[in-house]
Amino acid sequence: MSGLLEGKSALVTGGGSGIGRATALAFAREGAWVAVADQTIEAAQKTVAEIEARDGKAVAIACDVTDDDAVKAMVAAAVDAFGGLDCAFNNAGISPFNVNAHGQKIGDIAPEAWARIIDVNLTGVWRCLRHEVAQMRTQGGGVIVNTASILGLVGSPTSSAYVASKHGVVGLTKTAAVDHAEENIRVNAVCPGYIETPMTEETMRRRGGRIMARVPMQRMGKPEEIAEAVIWLCSERASFVTGVAWAVDGGYTAI
Ligand code: NAD
């Protein structure tokens with residue numbers, strides 16, 4: 001049986017951990033060749049080794065999405081490896097914990113922490129988009145999925161920079177979809193709820209009980225459950241879907 005993305009090439013940022021890793025594995029399972037990019041090359045290489053162990057084809061690329069030259073080189077390396085770029089998953093991101101801004105209200109967050117979260121989570125997606133779109137134009141089309149969050153759809157206490165960055169990703173996704181619809185480039189976002197990855201470990205330790213009380217399905221999601229949405233959005237089955245911000249959240253944003 002052939003996969004949903006047989007013979008396609010795919011790029012995943014933040015592919016060394018969590019949602020990015022699970023999605024890279026799912027791309028490979030569906031028959032795609034995968035360029036696994038991460039700021040930590042060892043993490044990307046580990047995902048590549050997992051794909052190769054399952055007879056998939058993948059390459060690891062070192063890329064910090066805050067560095068425009070590195071992002072340009074990442075897209076070029078993926079195209080070099082696979083001859084084109086059919087699918088891109090712009091997923092690399094950080095949380096307030098990464099910049100010691102956890103639990104801080106708007107007046108307390110340091111300007112450097114604010115700037116760093118916006119730079120990685122929002123401007124990082126824009127950098128990826130601009131180089132991916134440039135490539136996809138030359139080949140007559142492609143599909144892009146950006147990782148936003150439920151916090152791109154609703155607010156949350158003491159998370160202003162993260163919430164702003166993810167609302168920005170939703171707006172950027174819609175505009176990119178409209179800008180490039182006529183060029184056969186679809187652009188969508190996934191909005192994960194609380195997912196079991198290294199990013200949420202500390203949050204869950206501190207206030208997991210309170211968060212789970214708000215989730216209708218009463219559990220965290222698995223990275224693989226986000227990967228399935230990304231695969232579908234990248235496939236021909238979603239051929240008329242562009243500009244959506246799709247919540248995959250156990251019902252969190254439904255109430
Ligand atoms: P994770 O920490 O497990 O993985 C994030 C990956 O991104 C890591 O491999 C890290 O090295 C990489 N990364 C971080 N900064 C980078 C940079 N500047 N350049 C390149 N790579 C970088 O986290 P995750 O939970 O898998 O998160 C993936 C995405 O999903 C993020 O955008 C996050 O905001 C989003 N998200 C996660 C959740 C959740 O509950 N886990 C919920 C909503 C949205």
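Here, every reference points to the structure presented above.
Residues numbered from 1 in each chain as written. Predicted model: local features only at pLDDT ≥ 70, side-chain atom pairs only at ≥ 80, totals over all residues. Heavy atoms only, no water.

A few points about the sheet that holds strand S7 (residues 245-248)
So, point 1. With parallel pairing, seven strands are arranged side by side in an open sheet as S3-S2-S1-S4-S5-S6-S7. Edge positions in the sheet fall to strand S3 (58-62) and S7, since each has one partner strand and no second. Going across the sheet, the axis of each strand differs from the next one's by a mean of 20°, ignoring polarity.
So, point 2. Inspection of the sheet shows strand S5 (residues 142-147) paired to strand S6 (residues 185-192) by six bridges, in the parallel sense. Residue pairing across strands places Ile-144 opposite Val-187, the latter belonging to S6.
So, point 3. Across the sheet, helix H2 (residues 41-53) lies against strand S2 (33-38) and S3, angled at about 175° from S3, the strand it touches most.
So, point 4. Helix H7 (residues 223-234) rests against strand S4 (87-90), S5, S6 and S7 of the sheet, and its axis sits at about 165° to S6. (Pairing = 2+ DSSP bridges. Helix = DSSP H or I, 4+ residues; strand = E, 2+ residues; numbered from the N terminus. Axes fitted to C-alpha atoms, helices over the stretch in contact; angles between N-to-C directions. Contact = heavy atoms within 4.5 Å.)

Looking at the pattern of salt bridges
So, point 1. Evaluation of the coordinates by the stated rule reveals ten salt bridges.
So, point 2. Notably, a salt bridge pairs Glu-183 with Arg-137, separated by 2.6 Å at the nearest N-O pair. Linking Glu-183 in the loop between helix H5 (160-180) and S6 with Arg-137 in helix H4 (residues 111-139), this pair joins segments that are 46 residues apart in sequence.
So, point 3. Exposure remark for Arg-137: the relative accessible area of 47% places this residue in the partly exposed category.
So, point 4. Linking Arg-205 and Glu-202 is a salt bridge whose minimum nitrogen-to-oxygen distance equals 2.8 Å. Linking Arg-205 with Glu-202, this pair stays in helix H6 (residues 201-212), spanning three residues, or about one helical turn.
So, point 5. Residue classification places Arg-205 among the exposed positions, given a relative accessible area of 61%.
So, point 6. Several salt bridges converge on common partners, so that one network encompasses Arg-29, Glu-30 and Glu-228. (Salt bridge = Lys/Arg side-chain N within 4 Å of Asp/Glu carboxyl O. Buried < 20%, exposed > 50% of the residue type's maximum accessible area, 1.4 Å probe, protein only.)

Some thoughts on the environment of Ile-150
So, point 1. Structurally, Ile-150 is set in the loop between S5 and H5.
So, point 2. For the pair Ile-150 and His-167, spaced 17 residues apart in the sequence, the C-alpha separation amounts to 9.0 Å.
So, point 3. Not counting residues up to four positions away in its chain, the partners in contact with Ile-150 are Cys-191, Pro-192, Gly-193, Tyr-194, Asp-249, Tyr-252 and Thr-253.

Observations concerning the packing of H4 against H5
So, point 1. Running from amino to carboxyl end, H4 crosses H5 at an angle of 15°, the nearest separation of the two axes being 8 Å. In this view, H4 runs roughly parallel relative to H5, as classed from their interaxial angle. The crossing of H4 and H5 is right-handed. Contact with H4, carried on its side by Trp-114, Ile-117, Ile-118, Asn-121, Leu-122, Val-125, Trp-126, Leu-129, Val-133 and Arg-137, involves Ser-160, Ala-161, Tyr-162, Ala-164, Ser-165, Lys-166, Gly-168, Val-169, Leu-172, Ala-176 and His-180 of H5 and no other residues of that element.
So, point 2. Residue composition of the contact of H4 with H5, by class: 14 nonpolar, five polar and two charged. (Parallel < 35°, antiparallel > 145°, perpendicular 65-115°, else oblique. Left-handed = near helix turned anticlockwise from the far one by under 90°. Nonpolar A, V, L, I, M, F, W, Y, C, P; charged D, E, K, R; others polar.)

Some thoughts on the side chain of Ser-9
So, point 1. Inspection of the secondary structure assignment puts Ser-9 in strand S1 (residues 9-13).
So, point 2. The residues touching Ser-9, leaving out its near neighbours within four places in the chain, are Trp-33, Phe-82, Gly-84, Leu-85, Asp-86 and Cys-87.

Re the packing of aromatic side chains
So, point 1. Evaluation of the coordinates by the stated rule reveals three aromatic pairs.
So, point 2. With centroids separated by 5.6 Å and ring planes inclined at 75°, the aromatic side chains of Trp-232 and Trp-246 adopt a geometry described as edge-to-face. Highlighted residues: Trp-232 in helix H7 and Trp-246 in strand S7, separated in sequence by 14 residues.
So, point 3. For Trp-246, a relative accessible area of 33% translates into the label partly exposed. (Phe/Tyr/Trp six-rings, centres within 6.5 Å; stacked < 30°, edge-to-face > 60°.)

Considering the site of the ligand
So, point 1. Taken together, 29 residues lie near the ligand, and Ser-17, Asp-38, Tyr-162, Ile-195 and Thr-197 sit nearest.
So, point 2. In the model, an oxygen atom of the ligand is placed 2.8 Å from a nitrogen or oxygen of the Ile-19 main chain.
So, point 3. Interatomic distance of 2.5 Å between a side-chain N/O atom of Asp-38 and an oxygen atom of the ligand.
So, point 4. Put simply, the parts of the chain that give the shell around the ligand at least two residues each are helix H1 (18-29) and H5.
So, point 5. For the shell around the ligand, the per-class residue count stands at 13 nonpolar, 13 polar and three charged. (Near = heavy atom within 4 Å. Polar contact = N/O pair within 3.5 Å; in protein donor to acceptor, adjacent residues only side chain to side chain.)

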